[in-house]
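Each chain, written out:
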Protein chains: 4
Amino acid sequence: MDARTKVEPEPRRRGRPAESDGLTGERILIAARVCFAESGYAGASTHMVAARVGLTTGALYHHFASKRDLYLAVFAEVEQLMIERFEKAAAPHTRFVDKLDAILDEILRLSRDEPTVTGFLQSLTADVGRHPELLEAIVPAFEQRDQMFSGLVEAGITSGELVEADREIVLDTVTTILVGLFAMNLGQLPSVQQHAVDGYKRLLRGALLKTKKR
Amino acid sequence: MDARTKVEPEPRRRGRPAESDGLTGERILIAARVCFAESGYAGASTHMVAARVGLTTGALYHHFASKRDLYLAVFAEVEQLMIERFEKAAAPHTRFVDKLDAILDEILRLSRDEPTVTGFLQSLTADVGRHPELLEAIVPAFEQRDQMFSGLVEAGITSGELVEADREIVLDTVTTILVGLFAMNLGQLPSVQQHAVDGYKRLLRGALLKTKKR
Amino acid sequence: MDARTKVEPEPRRRGRPAESDGLTGERILIAARVCFAESGYAGASTHMVAARVGLTTGALYHHFASKRDLYLAVFAEVEQLMIERFEKAAAPHTRFVDKLDAILDEILRLSRDEPTVTGFLQSLTADVGRHPELLEAIVPAFEQRDQMFSGLVEAGITSGELVEADREIVLDTVTTILVGLFAMNLGQLPSVQQHAVDGYKRLLRGALLKTKKR
Amino acid sequence: MDARTKVEPEPRRRGRPAESDGLTGERILIAARVCFAESGYAGASTHMVAARVGLTTGALYHHFASKRDLYLAVFAEVEQLMIERFEKAAAPHTRFVDKLDAILDEILRLSRDEPTVTGFLQSLTADVGRHPELLEAIVPAFEQRDQMFSGLVEAGITSGELVEADREIVLDTVTTILVGLFAMNLGQLPSVQQHAVDGYKRLLRGALLKTKKR
DNA sequence: GATGAATGAGCCTTCATTCAT
DNA sequence: TATGAATGAAGGCTCATTCAT
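As the structure is a computational prediction, the values presented were derived from the model and not from experiment.

Undergrad: How would you explain the overall build of chain A if you had to name every residue and give the values?
TA: If you tally the helices and strands in chain A, you get nine helices and zero strands. Helices (α) and strands (β) of chain A occur, in sequence order from the N terminus, as α-α-α-α-α-α-α-α-α. The buried share of chain A, taken over its 214 residues, is 49%. Of the contacts formed within chain A by residues at least 6 apart in sequence, a portion of 67% connects residues at least 24 apart.

What follows is the structure in structure tokens.
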């Protein structure tokens, strides 16, 4: 199950490598995203990240002051990417249902194109909950996320789809739906996610169940 | 320099090992549940568990052959408890909506009464996704879970609420909804969960949005 | 598994390397003095020194061949400064007691004006004792120190204060007194040093204790 | 300079060794004393200590929670031993000079019999000054040392050798003398210490210099 | 059944040093 | 001259696991 010879990384010589293109930092970020997505904060070792870039752990510390800092840098990137993608997806639409539809589709696309992004987001909640040193730094960043969702709900109220009184309920429901989709992301068959998105879309239109009037 | 001996962990027998010999075994299981719920599989150390019971790690190994086995034993207990509670909650009702309503309420109750159960379930997906040695043993157990949900959907079809064709969509949506609720469990304000449950209930009745006819 | 290659550090040329080329070299020396004084040889990192000058560690190696060489260069400067100050202080006097008095006062002044000098000297004994690669280079330099103290004792003999036979005893006592004062230097209340100097002065005059005739 | 083959410590097997005499803790303390005496706090590695006892670093942590704790435990032992020896040496005498004489002799004996004790004490001041985490814990313990010295001075006042007004001066002088002797301890020829002790004794009697009346 | 002692592997991090640019 | 990037060795510590007693 493990006969791959682990290509002895031919020992580089000491000093600055000839092919230093100044992109190492970015490459580390990407490798870190993959590792954190696969293994979570505690489970991803600095060695794993370094090896994936073809570096020693020491070199990592030239670019990021600590594992924590590296995680936070990845988070910043991922969070921004997610928000951008969601906002861009929702922008063309005016109605709440349509905006949410678009976001749900975007999640599916994200899962396919950038599984490391959704993988990272899947672990995020648990990791942050477990490592107070991450929480401190991340909680403020969540504000932006909340604002986006709030904007969504606001649009629903403006359009008359939602009533004022439901604001909080809708906000929390939407959040939970999205978090739930991220949570189902990894290791599961992609079709589950697809089905769930379909289901949610129809639920939003009251079209999943033939509810008897009651 | 890298004698890849890594002895293929000889496949121990699946499921609950012959452990709960008396009270200590049960006390260990409870402590382990707390620890795994708080810190996840990798993050919870055998020492943490042992200390919580007032034992040494050595003693743990009298009752469970490995950390993995301990986790699996906890899983078995938790999964069974969850299924029992859900089935008991759903039983009195006949319609799909009502059954699902009852289950959603049960989740809320579970979060309140047995936070370690929901905490454990929160990490479960991620942990299993990350540790193949857990996956092997747990995937089969998920069948039971699926069966319960399938029963739910079947009831909906029988009652006429659902159509045959939607079977898979509904099944996966329901699963995703519940996993999502577990994922939102810890560290979040309990009100979020409450709101999300309210939101889902109304979604199921097509009563969250005033959808314009289209 | 233990390829004891540890290349015998090829004996670089002793003493002050060809470094202080211009101002940067001097600034490095000063920064290094501060760092070694604060943290000792092992505790001071090249990074600390470089940062204090506003350089990278790489740049340090343009001026000094190694941390060891840097230490030795600082030592040379500090030792010379100390000897100069002591000799200048003792010069105006002819009697041994007065010369020693003057030196004791000079130590107090040095502690106040140049705490990094006395700080460095405080660690010197311990550092040299612990790092054989420093010892080699420094022991010879101690000769000069001994010569100064010998001169002191000689003056005492000439003036009739000391007898020939006590030469060694006095030399070692004086050395120990001074080393002791350096050792008490840092982190202690300055008043302790002041008191000790007062005490030593009076001891030298037989005026600290009312010794009963015996 | 290092041809000793470093006797490959024949790999013990896992569990509890047969010859566990319950004295490992004490053996670790002794090894740690040696290492800290030789290399100081920062310079002594946990590996050095462990290897000297024939253990792995992991095993060390079974007995002491951290390197710091280990250091503090050594300190406690050393400090107590020193105080006991000094008090026992001074006890038979009533006059200050005689008590101090006895202590000076005791230092010489200690240097000879227990060089690790004096070696440890030599580094103590510097180590504590540099590692705040040690300072916290050690400063309170110094009280006892001060009390002993104070008792000494008190005896001098009672006996009429010292006057009230000199109390502080004498206390600080005595402290500095002793610290100085410890500082001269290692790597120096023992005769230096011997001479210094002789010198101090005669200084105390006003018998080192033939001071002209002035 | 439980303790206490130990191992060996791994983790995060620091550091002196090297060298292409 | 100086920077920036990298290495390799080491350091303190944790952890799952083992096993004599």
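Undergrad: Can you lay out the relation of the copies chain C and chain D for me, pointing to particular residues and giving the numbers?
TA: Overlaying chain C on chain D yields an RMSD of 0.3 Å, the required transformation being a rotation through 179° with an accompanying axial translation of 0.0 Å. Here the symmetry operator amounts to a two-fold rotation axis. When the interface residues of chain C are mapped onto chain D, 92% of them again fall at the interface, so both copies present the same face.

Undergrad: Could you give an account of helix 7 (residues 132–159) of chain B, naming the residues involved and the relevant values?
TA: All names here are of chain B. Taking 1.5 Å of rise per residue, the 28 residues of helix 7 would be expected to cover 40 Å, and the 40 Å separating its terminal C-alpha atoms lies within 8% of that figure. Where helix 7 bends most, at Ile138, the angle is about 35°, and the proline Pro140 comes one to four residues later. For helix 7, the full list of buried residues reads Leu134, Ala137, Ile138, Arg145, Met148, Phe149, Leu152, Val153, Ala155, Gly156 and Ile157. Residues of helix 7 that are buried make contact with helix 1 (23–43), helix 4 (67–90), helix 5 (96–113), helix 6 (115–130) and helix 8 (167–183). Trailing helix 7 by a residue or two, Gly160 shows a phi angle of about 90°, which is positive.

Undergrad: So what about the pattern of salt bridges? Which residues, and what values?
TA: Using the criterion set out here, one finds 58 salt bridges over all chains in the structure. For D:Glu164, the salt bridge identified is with D:Arg167, shortest N-O distance 3.1 Å. The exposed category is assigned to D:Glu164, whose relative accessible area is 52%. Residue D:Arg167 is classed as partly exposed on the basis of its relative accessible area, which comes to 31%. Salt bridges here are not isolated pairs; linked through shared partners, they connect A:Arg85, A:Glu106, A:Arg109 and A:Asp113.

Undergrad: Can you lay out the packing of helix 5 (residues 96–113) of chain A against helix 7 (residues 132–158) of chain A for me, pointing to particular residues and giving the numbers?
TA: Residues and elements named next belong to chain A. In contact at an axis separation of 8 Å, helix 5 and helix 7 are set at 150° when each is read in the N-to-C sense. Considering the angle they form, helix 5 stands roughly antiparallel to helix 7. The segment helix 5 lies against helix 7, with Phe96, Lys99, Leu100 and Ile103 engaging Leu152, Val153, Ala155 and Gly156. By residue class, the composition of the contact of helix 5 with helix 7 is six nonpolar, one polar and one charged.

Undergrad: I'd like to hear about the environment of B:Gly40, residue by residue, with values.
TA: With respect to the helices and strands, B:Gly40 occurs in helix 1. The contact partners of B:Gly40, leaving out residues within four places of it in the chain, are A:Arg130, B:Cys35, B:Ser123 and B:Asp127.

Undergrad: With reference to specific residues and values, describe the interface of chain C and chain D.
TA: Listed as interface residues are 53 residues of chain C and, on the opposing side, 52 residues of chain D. Of the roughly 4700 Å² buried between chain C and chain D, counting both surfaces, carbon and sulfur atoms make up 60%. It is C:Arg130, C:Thr176 and C:Leu209 in chain C that bury the most area against chain D; as a group they hold 13% of the surface buried on that side. Summed over the shared surface of chain C and chain D, the result is two salt bridges. Measuring nitrogen to oxygen at the nearest pair gives 2.7 Å for the salt bridge that ties D:Asp166 to C:Arg202. Of all elements in the fold, only helix 1 (23–43), helix 5 (96–113), helix 6 (115–130), helix 8 (167–183) and helix 9 (190–204) of chain C reach the threshold of two or more residues within the side of chain C that touches chain D. No other element matches helix 8 of chain C, which puts 12 residues into the side of chain C that touches chain D. Class assignment of the residues belonging to the side of chain C that touches chain D gives a composition of 19 nonpolar, 17 polar and 17 charged.

Undergrad: Let's hear about the packing of aromatic side chains: which residues, and what values?
TA: In total, this model carries 26 aromatic pairs over all chains according to the counting rule given. Ring plane angle 20° and centroid distance 6.5 Å describe the contact between C:Tyr200 and D:Tyr200, whose orientation is recorded as stacked. You can see C:Tyr200 sitting in helix 9 and its partner D:Tyr200 sitting in helix 9 (residues 190–204), one on each of two chains. Among the aromatic residues, ring-to-ring pairing joins A:Phe36, A:Tyr41, A:Tyr71 and A:Phe120 into one connected group. Taking NZ or CZ as reference, C:Lys67 lies 4.9 Å from the ring centre of C:Tyr41, over its face.

Undergrad: Describe the interface of chain A and chain B, naming the residues involved and giving the relevant values.
TA: On the side of chain B, 53 residues touch chain A, which itself brings 53 residues to the contact. Both faces combined, the contact of chain A with chain B buries some 4700 Å², and carbon together with sulfur accounts for 60% of it. When the area that chain A buries against chain B is broken down by residue, the three leading residues are A:Arg130, A:Thr176 and A:Leu209, summing to 13%. Taken together, the connections running from chain A to chain B amount to eight residue pairs in polar contact (both at pLDDT 80 or more). Element by element, the count of residues in the side of chain A that touches chain B is highest for helix 8 (residues 167–183) of chain A, at 12 residues. Residue composition of the side of chain A that touches chain B, grouped by class: 20 nonpolar, 16 polar and 17 charged.

Undergrad: An account of the side chain of A:Asp172 is needed here, citing residue identities and associated values.
TA: Assignment of secondary structure puts A:Asp172 in helix 8. Within the buried core, A:Asp172 has no salt-bridge partner, and the shortest N-O distance to an opposite charge, that of A:Arg167, equals 11 Å. When residues no more than four places from it in sequence are discounted, the contact partners of A:Asp172 are B:Ser191, B:Val192, B:His195 and B:Ala196.

Undergrad: I'd like a rundown of the environment of A:Leu121, residues and numbers included.
TA: Residue and element names in this part refer to chain A. Among the structural elements, Leu121 can be located in helix 6 (residues 115–130). Considering only alpha carbons, one finds Leu121 and Met82, 39 residues apart in sequence, at a separation of 9.3 Å. Not counting chain neighbours up to four residues away, the residues in contact with Leu121 comprise Val78, Glu79, Met82, Arg145 and Phe182.

Undergrad: Describe the environment of C:Ala183, listing the residues and the values that go with them.
TA: With respect to the secondary-structure elements, C:Ala183 resides in helix 8. C-alpha separation for the pair C:Ala183 and C:Ser123, spaced 60 residues apart in sequence, amounts to 7.7 Å. When near neighbours in sequence (up to four residues on either side) are disregarded, C:Ala183 contacts C:Gln122, D:Thr125, D:Val179 and D:Ala183.

Undergrad: Please provide a residue-by-residue account of the packing of helix 5 of chain A against helix 6 of chain A, values included.
TA: Residues and elements named next belong to chain A. Orientation of helix 5 relative to helix 6, taken along the N-to-C sense of each, is 110°, at an axis distance of 5 Å. Classified by the angle their axes make, helix 5 and helix 6 are roughly perpendicular. Two secondary-structure elements touch here, helix 5 through Leu110, Ser111, Arg112 and Asp113 and helix 6 through Pro115, Val117 and Thr118. In the contact of helix 5 with helix 6, the residues fall into three nonpolar, two polar and two charged.

Undergrad: Can you break down the confidence of the model for chain A residue by residue, with the values?
TA: Overall, the predicted model of chain A reaches an average pLDDT of 87, with 87% of residues at or above 70. When the elements of chain A are averaged for pLDDT, helix 6 of chain A gives the smallest value, 90, and helix 2 (residues 46–53) of chain A the largest, 97.

Undergrad: Give a description of helix 2 (residues 46–53) of chain B that names residues and reports values.
TA: Residues and elements named next belong to chain B. When we look at burial in helix 2, the residues that qualify are Val49, Ala50 and Val53. Taken end-on, helix 2 shows its buried residues confined to a sector of 95°, consistent with a single buried face. On its buried face, helix 2 is in contact with helix 1, helix 3 (57–63) and helix 4. Immediately beyond the C-terminal end of helix 2, within one or two residues, lies Gly54, with a positive phi of roughly 80°.

Undergrad: So, the side chain of A:Gln193: which residues are in play, and what are the values?
TA: Residues and elements named next belong to chain A. Within the fold, Gln193 resides in helix 9 (residues 190–204). With relative accessibility at 5%, the residue Gln193 sits in the buried group. Within polar-contact distance, the side chain of Gln193 engages the backbone oxygen of Leu181 at 3.1 Å. Non-local contacts of Gln193, meaning those with residues more than four positions away in its chain, are made with Ile107, Leu108, Ser111, Leu181 and Asn185.

Criteria and thresholds
Residues numbered from 1 in each chain as written. Chains lettered and ligands numbered in written order. Predicted model: local features only at pLDDT ≥ 70, side-chain atom pairs only at ≥ 80, totals over all residues. Heavy atoms only, no water. Helix = DSSP H or I, 4+ residues; strand = E, 2+ residues; numbered from the N terminus. Buried < 20%, exposed > 50% of the residue type's maximum accessible area, 1.4 Å probe, protein only. Contact = heavy atoms within 4.5 Å. Least-squares fit on C-alpha atoms with pLDDT ≥ 70 in both. Expected span 1.5 Å × (residues − 1). Bend = angle between axes of the 7 residues up to and from the residue. Salt bridge = Lys/Arg side-chain N within 4 Å of Asp/Glu carboxyl O. Axes fitted to C-alpha atoms, helices over the stretch in contact; angles between N-to-C directions. Parallel < 35°, antiparallel > 145°, perpendicular 65-115°, else oblique. Nonpolar A, V, L, I, M, F, W, Y, C, P; charged D, E, K, R; others polar. Buried area = accessible area lost by both parts, 1.4 Å probe. Phe/Tyr/Trp six-rings, centres within 6.5 Å; stacked < 30°, edge-to-face > 60°. Lys NZ or Arg CZ within 6 Å of the ring centre and 35° of its normal. Polar contact = N/O pair within 3.5 Å; in protein donor to acceptor, adjacent residues only side chain to side chain. Lys, Arg positive; Asp, Glu negative; His and termini not counted. pLDDT = per-residue confidence, 0-100. Arc of directions from axis to C-beta.

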